[in-house]
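Geometric and topological summary
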Amino acid sequence: MKERARGKLRPSSVPCDSVWEGKATEGPCNMPKPGIYDLIRKAKWEAWNTLGNLPKETARQNYVDLVSSLCSSSESSSQGKPGADREQLRYETLVVTSEDGITKIMLNRPSKKNAVNLQMYQEIVLALKAASQDDSTITVLTGNGDYYSSGNDLTNFTNTSPGEIQEKAKNSLILVREFVGCFIDFPKPLIAVVNGPAVGIAVTLLGLFDIVYASDRATFHTPFSRLGLHPEGCSSYTFPKIMGPTKATEMLIFGKKLTAEEACAQGLVTEVFPDRTFQKEVWTRLKAYAKLPSNVLRISKQVIRNREKEKLHSVNVEENSVLQGTVLSDEAVNAVMNFLSKRAKL
Ligand SMILES: CCCCCCC/C=C/C(=O)SCCNC(=O)CCNC(=O)[C@H](O)C(C)(C)COP(=O)(O)OP(=O)(O)OC[C@H]1O[C@@H](n2cnc3c(N)ncnc32)[C@H](O)[C@@H]1OP(=O)(O)O
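Residues numbered from 1 in each chain as written. Predicted model: local features only at pLDDT ≥ 70, side-chain atom pairs only at ≥ 80, totals over all residues. Heavy atoms only, no water.

With respect to the overall build of the protein
Put simply, the test is: Numbered from the N terminus, helices here are DSSP runs of H or I no shorter than four residues, and strands are runs of E no shorter than two. Think of it in three bands: with a 1.4 Å probe and only protein chains considered, a residue is buried below 20% of the maximum accessible area for its type, exposed above 50%, and partly exposed in between. We call two residues in contact whenever any of their non-hydrogen atoms come within 4.5 Å of each other. Note on areas: these come from Shrake-Rupley sampling with a 1.4 Å probe, and a residue is covered only by the protein chains present in the view.
Helix and strand content of the protein: 14 helices and nine strands. Classification of the 346 residues of the protein by burial places 43% in the buried group. When contacts within the protein are restricted to residue pairs at least 6 apart in sequence, those whose partners lie at least 24 apart make up 74%. Counting every atom, the protein has about 18000 Å² of accessible surface; 55% of that belongs to carbon and sulfur.

Structure (structure tokens):
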């Protein structure tokens, strides 16, 4: 009997379904308790044993229900395959690819230093939503060309009539709030591959990533005060936590630009690579990480990040409402005018 019962328990099967399976075919637990180091069989035995005298028929029905629910969940997850996403979604400002367990979202306005225009905000929201449901293990954000991103596109409100500008600013900020919310909620490991300089919102968001790899050519600059703007992307909360309040203040209020090495020393960047070997080294490492079990990574991310989510959403709302009041201030409008008239660059 011992051997027959053991033969039914496939070591690779999920403990919970083999428990119902054992109960459904054998009735009450009828095998001796396995040894302390026989971890898989011991876990199954304990689970089976806890079912006590549950009737065989009830156990059988539970087993059928469980198998049906697993089948339907695997069907619905296969509808979110990256191949299908690629066919459905066409992006103008991004290149999104999915292979080797990695969905790569590449900002693709290199002639504008990957400045984030309204279309790009929207497309990143869509790409993150698709990536959260596809079968990739990790998601990467990176930039095409020499910049990672020059931040918010300063022409977002130009070509807008005076009568429409208030409404456009309000709606744009609602979009930015949703955009930041997607980073807060993103369920899989999210990795920034910072291929060159990063500015403004492209920097602040890094506090919401799980890993940040940077080329030694990258710089990190948040010149909010000279633009008449204020910290966003939850940086008013994440940066003081990551680097301490005084270093965060130097960056977020006084616009101190950090080199990649400095950003790494402050904890904003995980690791810096020589630009010459950046792409090769980073992608080799990410491909190895993407072979780890997807579900395990998701759950570990939840364990690390979930207790902060509510706080981050409230910070996002608060930062956004401050910007609602200042994005059309004289200081902000003058800064844009100076940039457009080529009088000001960073
Ligand atoms: C939508 C709601 C608003 C929410 C507000 C959110 C709060 C703000 C968040 C931020 O991200 S603030 C940071 C904004 N970014 C900047 O201030 C950067 C401005 N750009 C520059 O200073 C320079 O362009 C540069 C990045 C230092 C690069 O200089 P370089 O001399 O190397 O290249 P350029 O010839 O200047 O740039 C090439 C091309 O790209 C255009 N461009 C670059 N960055 C932006 C940008 N952020 N917005 C709009 N356009 C940008 C630049 O004008 C050039 O265009 P062309 O002249 O070739 O047409």
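Regarding the packing of helix H9 (residues 235-243) against helix H10 (residues 245-252)
To be explicit about the condition: Axes here refer to lines fitted to C-alpha atoms; in helices the fit is confined to the stretch in contact. Angles between the N-to-C directions go from 0 to 180 degrees. Just so you know how the angles are binned, under 35 degrees is roughly parallel, over 145 roughly antiparallel, 65 to 115 roughly perpendicular, and the rest oblique. Rotating anticlockwise by less than a right angle from the far helix to the near helix defines a left-handed crossing, while the corresponding clockwise rotation defines a right-handed one. For this classification, the nonpolar set comprises Ala, Val, Leu, Ile, Met, Phe, Trp, Tyr, Cys and Pro, the charged set comprises Asp, Glu, Lys and Arg, and every other residue, Gly included, is treated as polar.
Across the interface, H9 lies against H10 with an axial gap of 7 Å and an inter-helix angle of 130°. Between H9 and H10, the crossing angle belongs to the class labelled oblique. The way H9 lies across H10 gives a crossing that is right-handed. Along the contact surface, H9 presents Ser235, Ser236, Phe239, Pro240 and Met243, while H10 presents Pro245, Lys247, Ala248, Met251 and Leu252. In the contact of H9 with H10, the residues fall into seven nonpolar, two polar and one charged.

Topic: the sheet that holds strand E7 (residues 219-221)
As a reminder, the rule being used: If DSSP finds at least two bridges between two strands, the strands pair.
Within the open sheet, the three strands sit side by side as E5-E7-E8. Their pairing is mixed. Looking at the sheet topology across the chains shown, the edges are occupied by strand E5 (198-199) and strand E8 (258-259). Examined bridge by bridge, E5 and E7 share two bridges and lie parallel to one another. Paired with Ala198 across the strands is Phe220, a residue of E7.

Brief notes about H10
What counts here: When we speak of the arc, we mean the arc of directions from the helix axis to the C-beta atoms.
Listed in full, the buried residues belonging to H10 are Ala248, Met251 and Leu252. Considered in projection along H10, the buried side chains sweep an arc of 85° and stay on one side of the axis. If you follow the buried residues of H10, they end up packed against helix H8 (201-204), E7, H9 and E8.

Focus on the side chain of Asp134
Rules: Residues adjacent in sequence count toward polar contacts only when both atoms are side-chain atoms; beyond that, a polar contact is any pair of N or O atoms within 3.5 Å, and within protein one must be able to donate a hydrogen and the other to accept it.
By the element assignment, Asp134 lies in the loop between helix H6 (118-133) and strand E3 (138-143). Under the relative-accessibility criterion, Asp134 is labelled buried at 7%. A distance of 2.6 Å separates a polar atom in the side chain of Asp134 from a polar atom in the side chain of Thr103.

Focus: a nonpolar patch on the surface
To keep it simple, the criterion reads: Patch criteria: residues need more than 30% relative accessible area and no salt bridge. Like-charged residues are merged within 9 Å; nonpolar side chains of Val, Leu, Ile, Met, Phe, Trp and Tyr are merged within 5 Å. In the sections that follow, a salt bridge refers to a side-chain nitrogen of Lys or Arg positioned within 4 Å of a carboxyl oxygen of Asp or Glu.
A surface patch of nonpolar side chains, about 320 Å² in accessible area, is lined by Val333, Met337, Phe339 and Leu340. With respect to the helices, strands and loops of the structure, Phe339 is situated in helix H14 (residues 330-340).

Observations concerning the pattern of salt bridges
In the structure shown here, the tally under the stated rule is eleven salt bridges. One salt bridge connects Lys188 with Asp134, and the closest N-O pair in it is separated by 2.9 Å. With Lys188 in the loop between helix H7 (162-185) and strand E4 (190-194) and Asp134 in the loop between H6 and E3, this pair connects stretches of sequence that are 54 residues apart. Pair check on accessibility: Lys188 and Asp134 agree, each one buried.

As for unusual backbone geometry
Positioned with a positive phi, Asn114 is a non-glycine residue whose angle comes to about 55°. Mapped onto the secondary structure, Asn114 falls in the loop between strand E2 (102-107) and H6.

Some remarks on the confidence of the model for the protein
Inclusion rule: Predictor confidence is given residue by residue as pLDDT, running from a minimum of 0 to a maximum of 100.
Averaged over every residue, the pLDDT of the protein is 83; residues scoring 70 or more account for 75%. Note on residues 1-24: pLDDT under 50 across the span, and 48 contacts to partners over four residues away in sequence or across chains. Within the model, the stretch residues 35-40 combines pLDDT values under 50 with four contacts to residues more than four positions away or in other chains. Scoring of the predicted complex yields 0.79 for pTM and 0.99 for ipTM.

What about the site of the ligand?
Keep this limit in mind: It suffices for a single heavy atom of a residue to lie within 4 Å of a molecule or strand for the residue to be listed as near it.
Close contacts around the ligand come from 27 residues, with Lys112, Asn152, Leu154, Lys342 and Lys345 the closest. In this structure, Ser111 approaches the ligand through a main-chain N or O atom, which is 3.4 Å from an oxygen atom. Contact between the ligand and Ser150: a nitrogen atom at 2.9 Å from a main-chain N or O atom of the residue. Taking 1100 Å² as the accessible area of the ligand by itself, protein coverage stands at 81%. Element by element, the count of residues in the shell around the ligand is highest for H7, at three residues.

Observations regarding the pairing of E3
Formally: Think of it like this: strands point away, you trace from the first strand over the helix to the second, and a clockwise trace means the crossover is right-handed.
With six of six residues buried, E3 is to be regarded as a mostly interior element. Residues Ile138, Val140 and Thr142 of E3 are buried on one face, and the alternating residues Thr139, Leu141 and Gly143, pointing to the opposite face, are buried as well. By the bridge criterion, six bridges tie E2 to E3 in an arrangement that is parallel. Each bridged residue has a counterpart across the sheet, and for Leu107 the counterpart in E3 is Gly143. Following the chain from E2 across H6 to the adjacent parallel E3, one finds a crossover that is right-handed. Since E3 and E4 lie parallel, the crossover through H7 that links them has a hand, and here it is right-handed.

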